[in-house]
Amino acid sequence: MKKSLVILLAASTVLAACNKEQKGKGGLLYTVHKDAGATKIKEGDFIKIDFIQRNDKDSIMDATYDHDQSRIFPVGKKLYDGDMNDVLTLFGEGDSVTFRLNIDTMVFYNKQPRPEQFKDQKYLNYTIKIQKVLSKKANEVDSVYQKRANEFFTADYKATLDKKKAGEAAKMKKYAEDNNLKVTTTASGLQYVILEPGTGPKPVWGDTAVVDYTGKLTFKKISGVDNVFDTSVKAIAEKTMTPNPMKQFAPTPIPLSEGIAKGFVEALQLIGKGGKITVIMPSKLGYGEQGGGPIGPYSPLVFDIEMKNIIKGNPATTMPPPPVEPAPAAQ
């Protein structure tokens, strides 16, 4: 047998072994997709991972990719065989794996009722990529190790933010191109397409706009749907968001005032009643370098807005309007 064929067969055997589901303690089932051969994780290690969490119906419940932000945390002491901390010690830096945690085992050891969303589920399913493992050195005291870990991941986070900041313009451009939007850019950097101009006077600073809106990130969720973080439209929420029984769906009054994202206020001033507009705003006009809730730092945002009504304010008590200077050239 030729040497190249022997190597090919050996590689195929390793690949098959990596992708075979294995059994662990506590009802754990796991599949190794890639074994990078690194030292296995230990209790107390700090790790950085990306993950996709699914239920038994293969519906995605959460994913770091949807938030464009990896998770960093210390691996704790296991409470029982087969819990999350125990599972992680089976793998190392660079590994890609899928594992299934037995929900009955979790309920039994946590001594809590089975959560309603898992009433028909047997497993909680994770697919993870272990990006980084930072371990304590021999004879290193805890305070020194924790300081070293904090400095490492602080620098890592700063590098991530710098990359996001530098990539904003490219994300906005890609969204416009992917959605065939011929945008106009204002002096502030807001990009917009007016779908319907509406009628009558446009709202000004101090007025209240009553709108239907959908806010989303410039990239889709891992499931392929729009990455919607908020909407007033029930049909859109049902297709793109985790159900929230407390959420009210109806046209929403938005005051043109301080405290509202600058890009949103500027967009409202570009259409009249009945108008429709799509805007792409840089983070400086949205949630900036801090982010907020599901919106990460340096995240450009997209809003689809329909003006339902305009409630006039009292000009004598309102602040002067911020400048709105549309540039005539499209990009």
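Going by the annotation in an unreviewed UniProt entry, the name recorded for the protein chain is peptidylprolyl isomerase, with Pedobacter insulae given as the source organism. The heading Catalytic activity (unreviewed entry) in the UniProt record of the protein chain holds the text "[protein]-peptidylproline (omega=180) = [protein]-peptidylproline (omega=0)".

A.B. asks: Would you mind showing me how to read helix α5 (residues 142-178) here?
C.D. replies: Every α-helix carries 3.6 residues per turn, so stepping three or four residues along brings you back to the same face. For α5, the principal kink sits at G167 and spans about 45°. For α5, the set of buried residues is Y145, A149, F153, L161, K164, G167, E168, M172, Y175 and A176. Backbone geometry just after α5 places N180 at a positive phi near 55°.

A.B. asks: Looking at this model, I keep getting lost on the pairing of strand β4 (residues 60-63). Mind explaining?
C.D. replies: Each regular strand carries side chains that alternate between the two faces of the sheet. Summarising the sheet, strand β3 (residues 46-54) and β4 pair through three bridges and their orientation is antiparallel. Within the sheet, the bridge partner assigned to Q53 lies in β4 and is D62. Here β3 hands over to β4 after five residues, with D58 in that stretch at a positive phi of 70°.

A.B. asks: Help me understand the nonpolar core, please; the structure alone is not making it clear to me.
C.D. replies: In terms of nonpolar packing, the biggest core is built from 27 residues, with V211, F264, L268, V279, M281, F303 and I305 touching the most fellow members. Counting only elements with at least two residues in this core, the list comes to β10 (208-217), α7 (262-268), β13 (276-281) and β14 (301-311). It is β14 that provides the largest number of residues to this core, a total of five residues. Every residue in contact with I305, bar those within four places of it in the chain, is listed here: V211, D212, Y213, F264, A267, L268, I271, G275, K276 and I277. In this structure, Y30, V32, I41 and F51 belong to the second largest nonpolar core, which totals 21 residues.

A.B. asks: Would you explain the pattern of salt bridges in this entry?
C.D. replies: Side chains bearing opposite charge may pair, as long as their charged atoms lie close to each other. Under the criterion given, the structure shown has 25 salt bridges. A salt bridge links K171 to D68; its shortest N-O distance comes to 3.3 Å. Linking K171 in helix α5 with D68 in the loop between α2 (64-67) and β5 (71-74), this pair joins segments that are 103 residues apart in sequence. For D68, a relative accessible area of 32% corresponds to the partly exposed category.

A.B. asks: Could you clarify how one ought to interpret the packing of aromatic side chains in this entry?
C.D. replies: Given two aromatic rings, one states the distance between the centres and the angle between the planes to describe the pair. Under the definition given, this model contains twelve aromatic pairs. Measuring from centroid to centroid gives 4.5 Å for Y80 and Y109, while their planes differ by 10°, and the two rings are stacked. Placement of Y80 in the loop between β5 and α3 (84-88) and of Y109 in helix α4 (residues 103-110) is noted, with a sequence separation of 29 residues between them. Exposure remark for Y80: the relative accessible area of 8% places this residue in the buried category.

Cut-off values and rules
- Residues numbered from 1 in each chain as written.
- Predicted model: local features only at pLDDT ≥ 70, side-chain atom pairs only at ≥ 80, totals over all residues.
- Heavy atoms only, no water.
- UniProt positions renumbered as here; feature names shortened; annotations may be inferred.
- Bend = angle between axes of the 7 residues up to and from the residue.
- Helix = DSSP H or I, 4+ residues; strand = E, 2+ residues; numbered from the N terminus.
- Buried < 20%, exposed > 50% of the residue type's maximum accessible area, 1.4 Å probe, protein only.
- Pairing = 2+ DSSP bridges.
- Core = buried A, V, L, I, M, F, W, Y, C linked by side-chain atoms within 4.5 Å.
- Contact = heavy atoms within 4.5 Å.
- Salt bridge = Lys/Arg side-chain N within 4 Å of Asp/Glu carboxyl O.
- Phe/Tyr/Trp six-rings, centres within 6.5 Å; stacked < 30°, edge-to-face > 60°.

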